[in-house]
Structure formats: structure tokens, C-alpha cells
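In case you want the letters, here they are:
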Amino acid sequence: MNTTSLMDCYCFEYPPSSFKNPKSSLLDKKQSETNSSNSNLTGKNNLNSIEWFAFDPKEDFGRMGLGTTNTNWRLSTINEKYEFSPTYPSILGVPAKISDNTLRHIGRFRSKARIPALSYIHRTNQITITRSAQPMVGLKQNRSIQDEKLVEAIFTSSSAKSESGMFHLIMDARPKANSLAQTAMGAGTENSDNYLNSKVIYLGIENIHVVRDSLSKLFDACVSFDMAPVSRSSLDRSGWLRHIKSILNGTLLMVQHIHQYNLHCLLHCSDGWDRTAQISSLAQLCLDPYYRTIRGLCVLIEKEWISFGHKFKDRCGHLSKVSESINSDKQTNYPSPSWQQASKNLFGTAQKFFGNTFANTSPIVQSSTSLNVSSESITPNNAAPKEISPIFLQFLDCLYQIWIQFPTQFEFDEKLLEFLYVSINSCEFGNFLFNNEKELRQFQVQPQVGIDQSTRSVWTHIEQHKSQFLNPLYSPDQEINVEPSVDQSSNTAIIIGARGVMDKDKVLFPTCDKLIYWSHLYHLSYSTLESISNQDSIPNQPTSLPTLPVVFKQDSFQTVDMVTPKPTHPLEEPIVEMIDLQGNGF
């Protein structure tokens, strides 16, 4: 499929009933006038936007107490027109004592003007998660007094007493060597000597190129779909679970410092839209039960991924060229053209990730004329092939690892995570087509007709089909029964999941020692896709179709470092055990 325009994406094949695709017909004058008066895209002014957009900064940060119980923070409109930082949200949470004029000075010191901005205020102690891009330090070790004052204001925004002898964290998600390489290019990381009561730590999470290669090796582990299950050695060689573990380690470290030690965390990687989004969103899922509801997860993803500028268009390769043989309608006989388009998008994503391996192993590709994937056949139109990487898939896998450890604490089940993965790569909805909030909100199919009027929202679909994603084990108010001999003042908690830990404040502390290979996702078939896709928009789908080329045959291995999930949830009854939480999780 050669997608040169977002208008070729699947979501425009079945727009809302009030909109007609301009490729087939134009809106009549009356409809145009109606759309013109209702397409402000400010979130709540448009009746359609009430459902289309899940995240409202005033509502979400207000839920955390900003502007009411917490007066140390304010919402700034410095980026209202996306001129200050085009890849940042229009509304930013910043310390109340820092003026917009000061923020403009700080923007010159941070990569792409992605200044430290608020992501989360913890409900028990008002400790925060803030995120940014790397500072432009360089070999000369440049400084910004304004940036240092901003970070100081962040670290002093709570009156909670921090753990003695410990420091607020500036978390660089990159390996230290990568940060040093960036220093030689004029960027780098902060010098803790210049930031009050702080410590810089490196999480060692690999970049998009290593992650892409890792998933490719995981795919290579299954040369053909008729072979034996993926072996332990092949899985180890791919390094996939090792990368998942490094992200969960960083998440656990952040959760412990915020909740146990009352220490603020400022998080960044290079530009702050890949690894930063992973750690920040996973930590909030662990810290706040609201984000473990279906509605809360929708809000979290739109806030941390879409609004803060994860590059979905580039990372998923929505505007990249793939082999034309995948476009051939002769390969398969689908009842629904729209379903065929979605399938092509999924094939295209797989081919961009896996290259030659995709061509050699896909049963659908093999049934057609020869397909030799080359650098020419995946030459992009708008996104470089090296920009493509399964970063959001990593996040979903990490969330699955936490979900499997705490089955009673999530309102949603595994099907919702699978649905999100399929939705992003099939381009079935308009939410995940762009690289940032500016592109999303300023996109116009026609004059005064924005994305919220020309496509359907994934959040609306999830809300309408909520019953399909409900977790039957969900019990958020489950009591924790502590044995009388336990010292309540010590750093102890209760295991209520397969191996994870939760304390009395419903804060989750996931373990990273044993990880599960998520076979059900990586073995998705067309019949599975049918059950988790939009039934209203894709009628009469086939009941038996070949296996997707992005998946693997079901395996049955079990090792010391991972366990294979059963068809049903592996936890029948909660395991209750005391465990010491002292330590940093590494």
C-alpha cells in the first residue's frame, strides 16, 4: 500500500454520518455552514468533541487538586497557538511562581522548547511527575538559571517531608552512553550540582532503533507458522523481554520515590516523546486507581501520548510506502472493502517492521506473486523507515505485565489492550494518525471541517462497547487484610496479584523478576481481530482467515524468567503474602 495522504487511511472510509468524504462528494452548503459553526476543536465546545476527545487538562488536573487544594501549580496558555512548542499540548501545567516570560527563556534551553511540564500530582502527598526534553547542555556544560529555578519550584511544590538523605530524581530514560553522545552534539543531561537537592539517574532504556530490531528478531524466531513454538533461546536473543523489564524497572523506581519517599521526579529522554511517555504513563497507572478504569486509561493515553507528542504517524509508518503486491485485491477475497483496507494497513505495518522476514513467512504473501521486499519498496514518502518503531506496543506489553499481576485492580481486561493495538495500526479511528496535538487539532479535511467531524473516535467506540472490555475480576475496593504481627509503620505491603505488590493506598508495585511472554497478542489471527474490531463499521467479516503475518504460533514454554499464561486468567485466587519494599527495584 502506498499511502501518500492521511485521507487514504481507513478511518475516512466510514466517517460519521454527518460527514461525506470529499473524495466521493462535497458537503452541501447547509452542512458546511453547520460544520463551520461547530468545529472549534477546543474539546468541549463541540457536541461531537465531548466524546471525540477524552482528555481535558482543566478536568484532569482539577481532579488532582490543581487550582483548589493545590495552589502551587497553574495552567499556562503560553502554547495556546502551538507557537511556543509545536510538539507540546496547548495548555501546560507549570509552577504558579514561574511566569510565562520565564518559560520563554527556558524554551531556548530545552530541546524543541519542551520545557519541564506537569503530568501528575500524587493524591496522598502532592508529589509530582513532570516531563521534558533533554537540556541543551553540550560540551561547554551550558546552564540556564531560569531552567534551574523552574526545577527548584517543581521540587519545592509539596510540603510533604521527604525521606532523609535522599534526593529528588532527574530521571534520564536513556543509557548513559547515549546521553554522553548527545552531549557531544550539543545536548545531554542535567548536572545535579546545578539543581537543588537533586540526583540524576539513567534508566538504560534503549532507543527506537534497538527496539525495532528487537521486535524484528522476535519475529525471526518463528521462521514459519507451522514450526514448533518459539524457543527460550530465540526469545532471549531477541531481547524483547529484557527491554520490557528495563521499562518496568524505571516505572517501579519512580513509583517508590514518589509514594514511599515523597520525592519529585522529572523525567526525560532525548526529545521526551517515546521512553518518557512509557515511564510516565505506567507510573501513573500504578499510582492512581482512576487510570486503571476504562475511562481513565483513555484519558491517560490521550494526555501522555497524543497531547505530549508521541509521533504515532512516524512510529507506525502511516505515510510510508510498502510493496505494491500487498495492495493486490487478487490475493484475498474479503466481503468488505473497508475491512480489506484495515487489513492492508496491518500488513503494511508488519512489513515496515520486519522487512524481508515478512515477505518470506507470510502465508498470504506466499500465495501471491513473488514479493521481494527491498529498500526501494519501503521507501517513505513522509516518514523515514528508521523512524518506525513499536514504542506504543512496548507500553501495551508493559501494561499487560502489570495487569496480569493485579487482576482485581483493573476495570478493563486484555481485550482492550489488544483492541488499542489493532486500532492504531489499522488506522480505524482518527485519534492516532498524527505526531502531536497541533497536527491533530489543526488538521482539516475541508475548510472548517476538522478530524473530530470527519472520523470516528476510538474513545467513543470504547465507551459504546464498554461491556466488551470489562474485567470480571475487577474489585477496586478489595480490602487488604494485614496479619496482626506486621509492623504497620514499616515498608511492607500485600501481594494481591501473581507476584506484584499493592499497599493500603491502592498503589501498585509491579515486580520485574518474572515476565510473561504475551502470546495472545503476538498470535492474533483474523478471527481474533474480528472479535475485537468495530462490528458496526465492519459487517459480514469472514469467520476463518489466514493468520496475520505479525504474529506467532501458540507456544507452551515456561522458564525461570517468564511464564506462559493460561487461556483464562492465570490467577484464580489472590495470593496474599508479605514482602519488603525497601530498595529501588534494580
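Residues numbered from 1 in each chain as written. Predicted model: local features only at pLDDT ≥ 70, side-chain atom pairs only at ≥ 80, totals over all residues. Heavy atoms only, no water.

(A) Geometry of the overall build of the protein chain. Looking only at helices and strands, the protein chain has 22 helices and 15 strands in total. Within the protein chain, buried positions represent 61% of all 586 residues. In the protein chain, of all internal contacts separated by at least 6 residues, the share reaching a separation of at least 24 is 79%. For the protein chain, the exposed area adds up to about 23,000 Å²; of that, 49% sits on carbon and sulfur atoms. (Helix = DSSP H or I, 4+ residues; strand = E, 2+ residues; numbered from the N terminus. Buried < 20%, exposed > 50% of the residue type's maximum accessible area, 1.4 Å probe, protein only. Contact = heavy atoms within 4.5 Å. Areas by Shrake-Rupley, 256 points an atom, 1.4 Å probe, with all protein chains shown as cover.)

(B) Representation of the pattern of salt bridges in the model. Here the structure, examined in full by the defined rule, presents 21 salt bridges. A salt bridge links Arg143 to Glu148; the shortest N-O distance between them is 2.9 Å. For Arg143, a relative accessible area of 48% translates into the label partly exposed. Among the ionic pairs, Lys303 bridges to Glu304, the shortest N-O distance being 4.0 Å. Glu304 carries the same exposure label as Lys303, and that label is buried. Among the charged side chains, a salt-bridge network with shared partners connects Asp60, Arg63, Arg131, Asp288, Lys303 and Glu304. (Salt bridge = Lys/Arg side-chain N within 4 Å of Asp/Glu carboxyl O.)

(C) Structural detail: unusual backbone geometry. At Tyr82, a residue that is not glycine, the phi angle is positive and equals roughly 60°. Within the secondary structure, Tyr82 is located in the loop between strand E1 (73–76) and strand E2 (92–95). The phi dihedral of Lys112 falls on the positive side, at around 55°, and the residue is not glycine. Examined against the element boundaries, Lys112 turns out to sit in the loop between helix H4 (100–107) and strand E3 (117–121).

(D) Geometry of the packing of helix H9 (residues 240–260) against helix H16 (residues 391–405). Between H9 and H16, the shortest axis-to-axis distance is 10 Å and the interhelical angle comes to 70°. Classified by the angle their axes make, H9 and H16 are roughly perpendicular. Counted together, Trp240, Leu241, His243, Ile244, Ile247 and Leu248 of H9 and Leu393, Gln394, Asp397, Cys398, Gln401 and Ile402 of H16 form the full contact between these two elements. (Axes fitted to C-alpha atoms, helices over the stretch in contact; angles between N-to-C directions. Parallel < 35°, antiparallel > 145°, perpendicular 65-115°, else oblique.)

(E) Representation of the pairing of strand E6 (residues 198–202). With five bridges joining them, strand E5 (residues 168–172) and E6 adopt parallel strand pairing. Paired with Leu169 across the two strands is Lys199, which belongs to E6. Regarding the hand of the β-α-β motif, the stretch spanning E5, helix H6 (residues 176–184) and E6 is right-handed. (Pairing = 2+ DSSP bridges. Right-handed = clockwise from strand over helix to strand, strands pointing away.)

(F) Here's a closer look at the nonpolar core. Counting 133 residues, the largest nonpolar core has Trp459 and Ile462 as the members making the most contacts within it. The dominant element in this core, judged by the number of residues it contributes, is H16, at 11 residues. For Ile462, the contacting residues outside a window of four places in its chain are Ile294, Cys298, Leu416, Phe419, Leu420 and Phe469. (Core = buried A, V, L, I, M, F, W, Y, C linked by side-chain atoms within 4.5 Å.)

(G) Quick look at the sheet that holds strand E4 (residues 128–131). If you walk across this open sheet you meet the five strands as E3-E4-E7-E5-E6, and the pairing is mixed. At either end of the open sheet lies a strand with only one pairing partner, and these are E3 and E6. For this sheet, the mean inter-axis angle between neighbouring strands, taken without regard to orientation, is 20°. Of the pairings in the sheet, the one linking E5 to strand E7 (residues 265–268) comprises four bridges and is parallel in character. Paired with Asp172 across the two strands is His268, which belongs to E7. Lying on the sheet, helix H5 (residues 145–155) is in contact with E4, E5, E6 and E7; it crosses E5 at an angle near 125°.

(H) Spatial organisation of the packing of aromatic side chains. The tally for this structure, following the rule as stated, stands at 19 aromatic pairs. Feature note: the residues Trp305, Phe312, Phe392, Phe395, Phe432 and Trp459 constitute an aromatic cluster, connected by ring pairs. Between the NZ or CZ atom of Arg63 and the centre of the ring of Tyr291, over which it lies, the distance is 5.1 Å. (Phe/Tyr/Trp six-rings, centres within 6.5 Å; stacked < 30°, edge-to-face > 60°. Lys NZ or Arg CZ within 6 Å of the ring centre and 35° of its normal.)

(I) Expanded view of helix H7 (residues 208–220). The end-to-end C-alpha distance of H7, which contains 13 residues, comes to 18 Å, matching closely the 18 Å that a straight helix rising 1.5 Å per residue would cover. Buried within H7 are the following residues: Ile208, Val211, Arg212, Ser214, Leu215, Ser216, Leu218 and Phe219. Of the residues flanking the start of H7, the one acting as N-cap is Asn207, its side-chain oxygen 3.1 Å from the backbone nitrogen of His209. (Expected span 1.5 Å × (residues − 1). Polar contact = N/O pair within 3.5 Å; in protein donor to acceptor, adjacent residues only side chain to side chain.)

(J) Looking closely at the side chain of Arg292. Along the chain, the position of Arg292 falls in the loop between helix H10 (275–287) and helix H11 (294–307). One buried charged side chain, Arg292, makes no salt bridge at all; its nearest oppositely charged neighbour is Asp288, positioned 6.7 Å away. At a separation of 2.7 Å, a polar atom in the side chain of Arg292 contacts the main-chain carbonyl oxygen of Leu285. Residue contacts for Arg292: discarding those within four places in its chain leaves Leu285, Cys286, Leu287, Gln409, Phe410, Glu411, Phe412, Lys506 and Leu508. (Lys, Arg positive; Asp, Glu negative; His and termini not counted.)

(K) Quick peek at the packing of H9 against H10. Where H9 meets H10, the axes come as close as 9 Å, and the angle between the chain directions of the two elements is 50°. Taken together, the axis directions place H9 and H10 in an arrangement best described as oblique. Taken as a pair, H9 and H10 cross one another with a handedness that is right-handed. Listed contacts from H10 to Ile247, Gly250, Thr251, Met254, Val255, Ile258 and His259 of H9 are Gln278, Ile279, Leu282, Ala283, Cys286 and Leu287. Taken together, the residues that form the contact of H9 with H10 break down as nine nonpolar, four polar and no charged. (Left-handed = near helix turned anticlockwise from the far one by under 90°. Nonpolar A, V, L, I, M, F, W, Y, C, P; charged D, E, K, R; others polar.)

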